[in-house]
Structures are given as structure tokens and as C-alpha cells.
Amino acid sequence: QVQLVESGGRLVQAGGSLRLSCSASGRTFRNYKMGWFRQAPGKEREFVAGINWSGDNTYYADSVKGRFTMSRDNAQNAVYLQMNSLKPEDTAVYYCAADISLSSRNYASSANYDYWGQGTQVTVSS
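Here goes a summary of the coordinates provided. The structure presented is a predicted model; accordingly, all values stated were derived computationally and were not measured. (Residues numbered from 1 in each chain as written. Predicted model: local features only at pLDDT ≥ 70, side-chain atom pairs only at ≥ 80, totals over all residues. Heavy atoms only, no water.)

### Some details on the state of the cysteines
- Taken as a whole and judged by the stated rule, the model has one disulfide.
- Covalent S-S linkage joins Cys-22 and Cys-96, the inter-sulfur distance amounting to 2.0 Å. Across the S-S bond linking Cys-22 and Cys-96, the dihedral sits near -80 degrees, which makes this disulfide left-handed. Of the two residues, Cys-22 is situated in strand S3 (residues 18-25) and Cys-96 in strand S9 (residues 92-99); the sequence distance between them amounts to 74 residues. No difference in accessibility class separates Cys-22 from Cys-96, as the two residues are buried. (Disulfide = S-S within 2.5 Å. Helix = DSSP H or I, 4+ residues; strand = E, 2+ residues; numbered from the N terminus. Buried < 20%, exposed > 50% of the residue type's maximum accessible area, 1.4 Å probe, protein only.)

### Focus: the pattern of salt bridges
- Tallying each qualifying case throughout the model produces four salt bridges.
- Note that Glu-46 is salt-bridged to Arg-38, the shortest N-O span being 2.7 Å.
- Look at Glu-46 and you get partly exposed, because its relative accessible area is 36%.
- Taking the shortest distance from any N to any O, the salt bridge between Arg-38 and Asp-90 comes out at 2.9 Å. Of this pair, Arg-38 sits in strand S4 (residues 33-39) while Asp-90 sits in the loop between strand S8 (78-83) and S9; the two residues are 52 residues apart in sequence, bridging distant segments of the chain.
- Here Arg-38 falls in the buried class, since its relative accessible area comes to 5%.
- Via salt bridges that share partners, Arg-38, Glu-46, Arg-67 and Asp-90 belong to a single interconnected network. (Salt bridge = Lys/Arg side-chain N within 4 Å of Asp/Glu carboxyl O.)

Shown next as C-alpha cells:
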């Protein structure tokens, strides 16, 4: 199985930047699609960003386009989420997820992901 561990979450001022990391272990995941999701208090888990196995295609929720950038380093078994121009509404627990399916195409659907990390808290103060 794949173990995913997120890190980098902390308290940050609105307008600031933060970089989240997701480290994978247990087996290689170079061929896996990866995603970032988040869940704010009282809200459902929502899609943030996704990336294909090679890292040449990325997908973003409308709410973060132009502000967040997802990337991956398969040699290091890691994915990242660079978060710029943070807003209070970005406050949430952020989760890293891996999709092992060869055929799935919907990065935004949490049901397509097979492995999840524990989450890292991001708090953006106004």
C-alpha cells in the first residue's frame, strides 16, 4: 500500500504564501494520479488540484486558479502545492490523495482516489 504524509500547514496571514508537501512511501507511485483536497469546518471535502502521472497536466478548482500551483517530483515520491495570495476562505485541512486507476479521468472526484494522507491544517488569518 501507499502511505501519504502531508506537511507544511500552519497559520499564515491573508495575502501570504505557503507550500504544502506530500511524501509517499511503501511503494512507487510514479504512475499514480495525485490530488489535493481540502475540508473546512462545517463544509464538505472539496477538490483543490490534481496532477497526472508525468506532471505535465494539472487541474485546479476555480477558487484557486491563478493562486495555487501543484507539482510533483516522482524521483522523490513527492507532490507539492504552492499556495499564494492566501485568503481566509482557504482555511481548511488539506489532504493529499493518490489514484491508482489507469482509466479514471475525473481528478475532482474524491471517489477516484485510493489512498489518503492524514491532512495538514492551513489557517489563514484576516
